[in-house]
Amino acid sequence: MQTPPFALTKIQPPLARGNLIARAALEQRLGEALATRDLTLLSAPAGFGKTAALTRQLEGLDDAVALAWIAADEDDDLHRFLVCLFAALEPFDLPWRAAPDALIAAAVGNGGDRRGVAAGLLNALAASEVGRGLVVIDDAHRIADPAVFEFLDALLERLPEHWGLVISSRVDPPLALARLRARDQLAELRQSDFEFARDEVAALLNAAGSDLDPTRLHQRTGGWAAGLRLALNTAANGRGEGSAWTMDRHMFDYLAAEVVDQLPTDLREFLVHCSVLPELTAARCAAVTGANSAAQLLAEVERRGLFVSVLDGSDRTLTLHDLFRECLDERLRREHADALPELLARAADTESDPIRRLSFLLRAGNWERAERVFEAVAEELLAAGAIEPVLRLIEQFPPALREGSPVLALVRGQVAWARWDWRPAGEEMRRARIGFTESGDERGRMRAEVFEAIALTGNGWTADSKRRLNGLELEKLPLETRALALAARTWHALDSGQFRAVARCYANLLDVLEQTDRLEVWYQCFQRPLYVWLPGMRGPLIRFVDGVMRRNGDTPSQMRAMAYVIAAWLALFGGDPDQALERITQAQDDARWLGSPTRLGVFVNVALAAVQAARGESAPALAALAALLRYFDSAPPSGPAEQPTSMLAHYLFYAVRLADALGEGGALRAFAARIPPPDRIKNFPMLRAPLATVPARLAALDGRYPEACAAWARALRSPAALEVIGLAQEARLRYAHALLLADRPDAAARQLKTVVRAVGRSGELGGVALAGPVVLRQLAAAPFAGELDWTERALIAEWAQRLGRGEGAAPSAVDGPLSAREMQVLERIAAGDSNKLIARAFDLSPHTVKRHVANILDKLAVSSRGEAARWDRARQLAARNTQLIAANSILRAAG
């Protein structure tokens, strides 16, 4: 099981204290609110017992109530909050239609779609099989990110009736409370509701066996829960009521110090040193304080009834009340200031939560170590699409360090790369390289230099990028940095039009990638989808698909979707467009589950358009091309103006090819008219020869076949420059077609012989398929007797029959019948099994089970697991009835 990127204690509710007295009025109000209101708000200053009242009420609820608890931290932003929320909801098998990780990425990415993500969560909550569900956010006043409350507002607008949100806070959260009040959807419990009445104070004293005067104590504390507890502790230590005082926060600080001073020395010092920890366990306290008796000391803390709560979990875990922690922390700073940095560093060593670990180091002023931790945290967050949280973490470093740190510059450069903002990426990587060089950090310098070379490639400055990489000794680079350097060299060969060198470069890259199981490294090294189809790439692409599938397993991911797309290209170039469409359907399935990331959609649509064009399906092929080009029409430029223009030029030429294959003349002309001039295409060498085929296509479209023949002949003078996605084969077939229509069958036959020989050597039919069904059928029907032997004519006829049948697109996986695996999962759902039980039964990952459930709900057009189970029971009943009818018919016939 993968360790979550946060402390599990954040989603573990505290246990109710066993010595609490009944408070009928408060409990009745709170119970009614939890059962009926969209939002229950507990808003009161520190120490009024909000969490104690809430946990007592929650423990008394029916077991059927679903409870998702989140304890807020100061470091919580929207990304971290959603990660915790979805983890807290995990036990309830919500019927997600998109992966929770994908929803998180969509919410916190550049221009995050918070309302869309809220809608995804709301749909899952609405379809959940719980009688009543509660999402509790404790200590919400700690959350500073306004995006969290914007998201909660969006949730509250359409929260299903059987779910409620509960917020406990010292101050009112910035939500649309007035709207909720007007709709009677808000229950508010405030300071006056939590203040102990005189009779409750008397009951508390009686339960504690104290002889303090309840009237005087009520007057002095104002019913403040923390003050009452402190008074009881003071009296229990034999100090009596003390002089007359009115309880307020300052008096609490004084008296809490009195309580601390009365503790045994070893227990007092233990608590003071442990106050740096957010939660206290025996192991963590021992690591921070060095006390071998940590377990016994924690037990003594509980026995004395100090200001702690016990969390519900496998390990005995205590949390200090904020007021008590602050008192201890102040004592620590006053008496042991010199020890504080070391205590914080030790606390960081005990922390599995990377954000908390970083926070400890920043507080300790341990900048060098904080930088290194941040670099690792940033890479994890960026891999999850959390760009804004990374930028907020950078702001927590001192201004001088933000400006001068090469590590922070490196991370800023990675942020820019994640956005494809190549110019700032290059500038930040250059700053990082210089900084690492000055500090003597050779590992950092090499990594920054490789990233700088990648940014230069992204900017289209291939020559500068090559010079930067040529100065590095690749064998001395760490494995993952070496992989990125080899990826950049592969891009150099591609952008320079050196197509025959790409396969060798990519094979070298795979030699390194296959030494790591980190899929994010594979993803970084495969952000350019233009490797298909190039000479000699079949073997490396098979290795790529196999490597991704073995490392990815059955969990939907962008890398697996990309591998499915590459498998589709392999099938298409093997001459099987039907199998290619099946693989694309699998990629689309994963893409939907991942929230349809835009760049993954581009990658999928490139292949889908080719496969549909090879099948002669104009409408779906043109729809895929339209979706592909919409990315450039709608997305704002993410860097220098030349970069998106260069990318657009590649895809416009691709659209020209496919429109030509389909015989769609109007679309061909429209796409050709949009191709930018050469001086605006940065990596023009790659496109020079392919773009030279456009005049030939337009001439053939107009029926100017002699002119088309001349243009095709010029384009084919350098066939090696056309060897991208089967263009060389396609160009010869189109040249042959133009020659045939120009009444030059002998010349046409010579071109066909060349294609037949090339296919015979490579076994690759992709270029043949992309010539289009019309061209293939007309070439197959031409009377080439004498010019071609019977085996060559038979092969061309077989191509025409095998490719471009125009049978109609295969149905989408989501619209089709359930697969065999989905039927198995449905039967388990109908039997009442949870996702975890289903995963265990079929040896699947929980992610895969969630995806199967989402597909089942979509295919059956139902919204919940219960409805799907009813559908399955109805299916089984219908099957039994059919069997009975058949049996009765046999009996009647026999009688």
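Caption draft 1: Inspection of the pattern of salt bridges at higher detail. Following the criterion strictly, the structure yields 78 salt bridges and no others. The partner of Asp 76 in a salt bridge is Arg 80, with the nearest N and O atoms 2.9 Å apart. Comparing Asp 76 with Arg 80, the two get one shared label, buried. One salt bridge in this structure joins Arg 445 and Glu 449, with 2.4 Å as the shortest N-O distance. One end of the pair is Arg 445 and the other is Glu 449, both in helix α24 (residues 442–458) and four residues apart, which spans about a single turn.

Caption draft 2: Region of the structure containing the packing of helix α4 (residues 100–108) against helix α5 (residues 114–126). Following both chains from N to C, one finds α4 and α5 inclined at 155°, their axes separated by 8 Å at the closest point. In terms of orientation, α4 lies roughly antiparallel with respect to α5. As for the relative orientation of α4 and α5, their crossing is left-handed in sense. Contacts between α4 and α5 involve Leu 103, Ala 106 and Ala 107 on the former and, on the latter, Arg 114, Val 117, Gly 120 and Leu 121.

Caption draft 3: Looking closely at the environment of Thr 437. For Thr 437, the location among the structural elements is in helix α23 (residues 422–439). Separated by 11 residues in the primary sequence, Thr 437 and Ala 448 place their C-alpha atoms 10.0 Å from one another.

Caption draft 4: Spotlight on the sheet that holds strand β1 (residues 39–43). Here five strands make up an open sheet; going across it, the order is β2-β3-β4-β1-β5 and the pairing parallel. Single-partner strands in this sheet number two, and they are β2 (65–71) and β5 (186–190). With direction set aside, neighbouring strand axes in the sheet form an average angle of 15°. Bridge analysis of β1 against β5 gives five bridges, and the strand direction is parallel. The residue of β5 that forms the bridge with Leu 39 is Leu 186. The sheet contacts of helix α3 (residues 78–89) involve β2, β3 (132–138) and β4 (163–169), and relative to β2 the element is tilted by about 150°.

Caption draft 5: Geometry of the side chain of Glu 452. With respect to the element layout, Glu 452 can be found in helix α24. By relative accessible area, which is 6% here, Glu 452 ends up buried. Ignoring any residue separated from it by four or fewer positions in sequence, one finds Glu 452 in contact with Gly 426, Met 429, Arg 430, Arg 433 and Arg 468.

Caption draft 6: Region of the structure containing the side chain of Asp 590. Examined against the element boundaries, Asp 590 turns out to sit in helix α31 (residues 577–593). Excluding anything up to four places from it in sequence, Asp 590 contacts Pro 556, Ser 557, Arg 560, Ala 561, Tyr 564 and Arg 851.

Caption draft 7: Highlighting the pairing of β4. By the criterion of burial, β4 is predominantly enclosed, with seven of the seven residues buried. Neither face of β4 is left uncovered, since the one carrying Trp 163, Leu 165, Ile 167 and Ser 169 and the one carrying Gly 164, Val 166 and Ser 168 both have all their residues buried. Where β1 meets β4, five bridges bridge the pair, whose relative direction is parallel. If you follow Leu 42 over to β4, its bridge partner there is Ser 168. Pairing geometry for β3 and β4, over five bridges, is parallel. By the bridge assignment for β4, Leu 134 is matched with Gly 164. The parallel pair β3 and β4 is bridged by helix α6 (residues 146–157), and the resulting crossover is right-handed.

Reading the values: the criteria
- Residues numbered from 1 in each chain as written.
- Predicted model: local features only at pLDDT ≥ 70, side-chain atom pairs only at ≥ 80, totals over all residues.
- Heavy atoms only, no water.
- Salt bridge = Lys/Arg side-chain N within 4 Å of Asp/Glu carboxyl O.
- Buried < 20%, exposed > 50% of the residue type's maximum accessible area, 1.4 Å probe, protein only.
- Helix = DSSP H or I, 4+ residues; strand = E, 2+ residues; numbered from the N terminus.
- Axes fitted to C-alpha atoms, helices over the stretch in contact; angles between N-to-C directions.
- Parallel < 35°, antiparallel > 145°, perpendicular 65-115°, else oblique.
- Left-handed = near helix turned anticlockwise from the far one by under 90°.
- Contact = heavy atoms within 4.5 Å.
- Pairing = 2+ DSSP bridges.
- Right-handed = clockwise from strand over helix to strand, strands pointing away.

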